[in-house]
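# A closer look at the structure
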Amino acid sequence: MSDKKFSTTSGINIKEVYTEGRQNIELPGEYPYTRGIQKDMYRGRLWTMRQYAGFSTAEESNKRYHYLLSQGTMGLSVAFDLPTQIGYDSDHEMSEGEVGKVGVAIDSLKDIEILFDGIDLQKVTSSMTINATAPILLAMYIALAKKQGANLELISGTIQNDILKEYAARGTYIYPPKASMRLITDVFEYCSKEVPKWNTISISGYHIREAGSTAVQELAFTLANGKAYLKAAIDTGLDINVFAKRLSFFFNCHNNFFEEISKFRAARRMWAFITKDLGATDAGAQKLRFHTQTGGSTLTAQQPMNNIMRVSNQALAAVLGGTQSLHTNGYDEALSLPTEAAAKIALRTQQIIAFESGVTDTVDPLAGSYFVESLTDEIEAAAWKYIETIDAMGGSVNAIEAGYIQNEIADAAYQYQKDIESADRILVGVNKYVDHQGIHPEVFRVDDSIRQLQTDKLNKLKEERDNLLVDQTLRKLSAAAKDGSNTMPFILSAVEAYATLGEIADILRQEFGEY
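Residues numbered from 1 in each chain as written. Predicted model: local features only at pLDDT ≥ 70, side-chain atom pairs only at ≥ 80, totals over all residues. Heavy atoms only, no water.

Now for the pattern of salt bridges. For the structure on display, the rule yields 26 salt bridges. Across the pair aspartate 186 and arginine 182 runs a salt bridge whose closest N-O atoms are separated by 3.7 Å. Of this pair, aspartate 186 and arginine 182 both sit in helix α6 (residues 177–194), four residues apart, roughly one helical turn. Here aspartate 186 and arginine 182 have matching classes, each one buried. With a closest N to O distance of 2.7 Å, aspartate 391 and lysine 227 form a salt bridge. (Salt bridge = Lys/Arg side-chain N within 4 Å of Asp/Glu carboxyl O. Helix = DSSP H or I, 4+ residues; strand = E, 2+ residues; numbered from the N terminus. Buried < 20%, exposed > 50% of the residue type's maximum accessible area, 1.4 Å probe, protein only.)

For the structure on display, the rule yields 20 aromatic pairs. Ring geometry for tyrosine 206 against phenylalanine 250: centres 4.9 Å apart, planes inclined by 0 degrees, an arrangement best described as stacked. With tyrosine 206 in helix α7 (residues 206–210) and phenylalanine 250 in strand β7 (residues 247–253), the pair connects residues that are 44 residues apart, well separated along the chain. Given the relative accessible area of 6%, tyrosine 206 is considered buried. Classification of phenylalanine 250 as buried rests on a relative accessible area of 5%. (Phe/Tyr/Trp six-rings, centres within 6.5 Å; stacked < 30°, edge-to-face > 60°.)

This part takes up helix α19 (residues 488–496). Along α19, the residues classified as buried are Met488, Ile491, Leu492, Ala494 and Val495. What you see down the axis of α19 is that its buried residues fit within an arc of 160 degrees, all on one side. Remark: tyrosine 498 follows α19 within two positions and exhibits a positive phi of approximately 70 degrees. (Arc of directions from axis to C-beta.)

With respect to the helices, strands and loops of the structure, tyrosine 331 is situated in the loop between β9 (325–327) and α13 (340–356). Separated by 28 residues in the primary sequence, tyrosine 331 and glutamine 303 have C-alpha atoms spaced 9.7 Å apart. The residues contacting tyrosine 331, other than those within four sequence positions of it, are Pro304, Met305, Asn307, Ile308, Ala342 and Ile345. (Contact = heavy atoms within 4.5 Å.)

Looking now at the pairing of β7. For a regular strand, side-chain orientation follows a simple rule: the groups alternate between the two sheet faces. Among the seven residues of β7, seven are classified as buried, and the element is accordingly described as predominantly covered. With burial as the criterion, each face of β7 is covered, one bearing Leu247, Phe249, Phe251 and Cys253 and the other bearing Ser248, Phe250 and Asn252. Where strand β6 (residues 201–204) meets β7, four bridges bridge the pair, whose relative direction is parallel. Note on β7: the bridge partner recorded for isoleucine 201 is leucine 247. (Pairing = 2+ DSSP bridges.)

A few words now on the sheet that holds β9. Taken in spatial order, the nine strands make up an open sheet running β5-β4-β3-β2-β1-β9-β8-β7-β6, and their pairing is parallel. Of all strands in the sheet, those bounded by a partner on one side alone are β5 (198–199) and β6. In this sheet, strand β4 (residues 157–159) lies alongside strand β3 (residues 125–129) in parallel orientation, the contact comprising three bridges. Residue pairing in the sheet places serine 126 in a bridge with glycine 157 of β4. This element, helix α10 (residues 257–277), spans β7 and β8 (290–294) of the sheet and lies at about 160 degrees to β7. (Axes fitted to C-alpha atoms, helices over the stretch in contact; angles between N-to-C directions.)

Between helix α4 (residues 134–148) and helix α20 (residues 501–512), whose axes approach to 10 Å, the crossing angle comes to 135 degrees. On the basis of their axis angle, the class for α4 and α20 is oblique. Where α4 crosses over α20, the handedness of that crossing is right-handed. Mapping the contact onto sequence places Ile136, Leu137 and Met140 in α4 and Leu501, Ile504 and Ala505 in α20. Looking at the contact of α4 with α20 residue by residue, the class counts come to six nonpolar, no polar and no charged. (Parallel < 35°, antiparallel > 145°, perpendicular 65-115°, else oblique. Left-handed = near helix turned anticlockwise from the far one by under 90°. Nonpolar A, V, L, I, M, F, W, Y, C, P; charged D, E, K, R; others polar.)

Before going further, it helps to examine the pairing of strand β1 (residues 48–53). Within β1, five of the six residues are buried, which leaves it mostly tucked inside the rest of the structure. The pairing of β1 with β9 spans three bridges and is classified as parallel. Pairing of threonine 48 across the sheet is with serine 325, part of β9. Once you follow β1 into helix α1 (residues 58–70) and on to strand β2 (residues 75–79), the crossover reads as right-handed. (Right-handed = clockwise from strand over helix to strand, strands pointing away.)

To continue, consider unusual backbone geometry. For residues that are not glycine, phi is negative in most cases, and the peptide bond is trans in most cases. Geometrically, the link from tyrosine 31 to proline 32 is a cis peptide bond, its omega value of 5 degrees lying close to zero. Along the chain, proline 32 turns up in the segment before β1. Phi at aspartate 364 is positive, roughly 50 degrees, even though this residue is not glycine. Take aspartate 364: it is sitting in the loop between α13 and α14 (370–392). Among the residues examined, aspartate 364 registers a relative accessible area of 9% and is labelled buried. One non-glycine residue with positive phi stands out, namely tyrosine 433, at about 55 degrees.

The following block contains the structure:
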């Protein structure tokens, strides 16, 4: 711990933690971690400031990453285009019109080499928002780290790898649920031995919330999915005290300031109970670590500069809620990919909160608030009711297959839209204080010619690589998928031979089928 003294601008000393006035005192860094997973929280280390970025080609995204790192970003967060997310190479007919649009196009290890050119993977943590093809992208990342000469025991980062919320809320799945769960547990097992600092899954409430859920539903469905992953890993013989340490979460943060703070506090407490109940005795396996992204669906195309205030409000709530990592959206993201200027303002928002607001000087500064403590308890109680219903159905997989979770989200989204249209819920600039003047902000577009560039790179790759070696590695992967072996070593071998993402995904499609 640092010897640095913390005080207000008036010279008033600030304690590390305040406990006065509470009968049942909970301390930060102690079970059940309501007040934070570290004793000193941001006094000891600030959250990681990430900016989610990726567009067009690996070359263009690499330039944005170097820019963000030069501006003080502490970790990279990679957005992939839709073909990459659903296992199609850029030259596939299903990729037409989508290459490089909502993220960077990655077809092979060659693209990953370009994406991280000049970036030391042993020094930078990387988060990759990828699910159905997460094992393939992780293998590419590991292959590049090996080529850089990195110590694989030291590289760190996160793959989202959360397929259950794809079935429930987002849709970028490929394989049936049981096959998908197998791939996820393969990653758990492989990483626990080979890349022990890697976060093998980021269990995502973000997309559940973006699909229209309430805060309570986001919390409940996310933790229920987390519980399903725990059970799946335990059933394959993995030790919860080992693999659960590398599980992380990814939450949304919306506009209702105190509800969001209380949601994060309740999440830590609930996960501590869930993991302990399933046999976790190691404190590291009981702690809920999470990344937060400000709410994309809260951004408005009308009066887009208002989004700067929305993002600031949400970012502050995430910090007061104890996040370990944070991405702040660009104000123009309701219109297009974020411009460089918008990305810089979003990053500066985090830096101002960290270094100017004073909220990092003490741990869980809202603890003891009658409102926050009560709201934390009430959100927790409401979330447990949902989890009990899901447990009675046999868990998240069954609840998703029955359509229960999807229907609950759809009902909440419908009610939210009705409230906006009736003006029972106010959105400034949308249904109140409306400005009828046209908006003409600068927007960032990706040209359709990117697909041809990627296709040309693919053709060149297939001419230069050892195609016999590629075929051998793909056959071995197919056999491993059949016989129940861990698929990760075989995916890595295929990646290192420069098999493409689509070729690897197709082998798994042949063995597992499509959902």
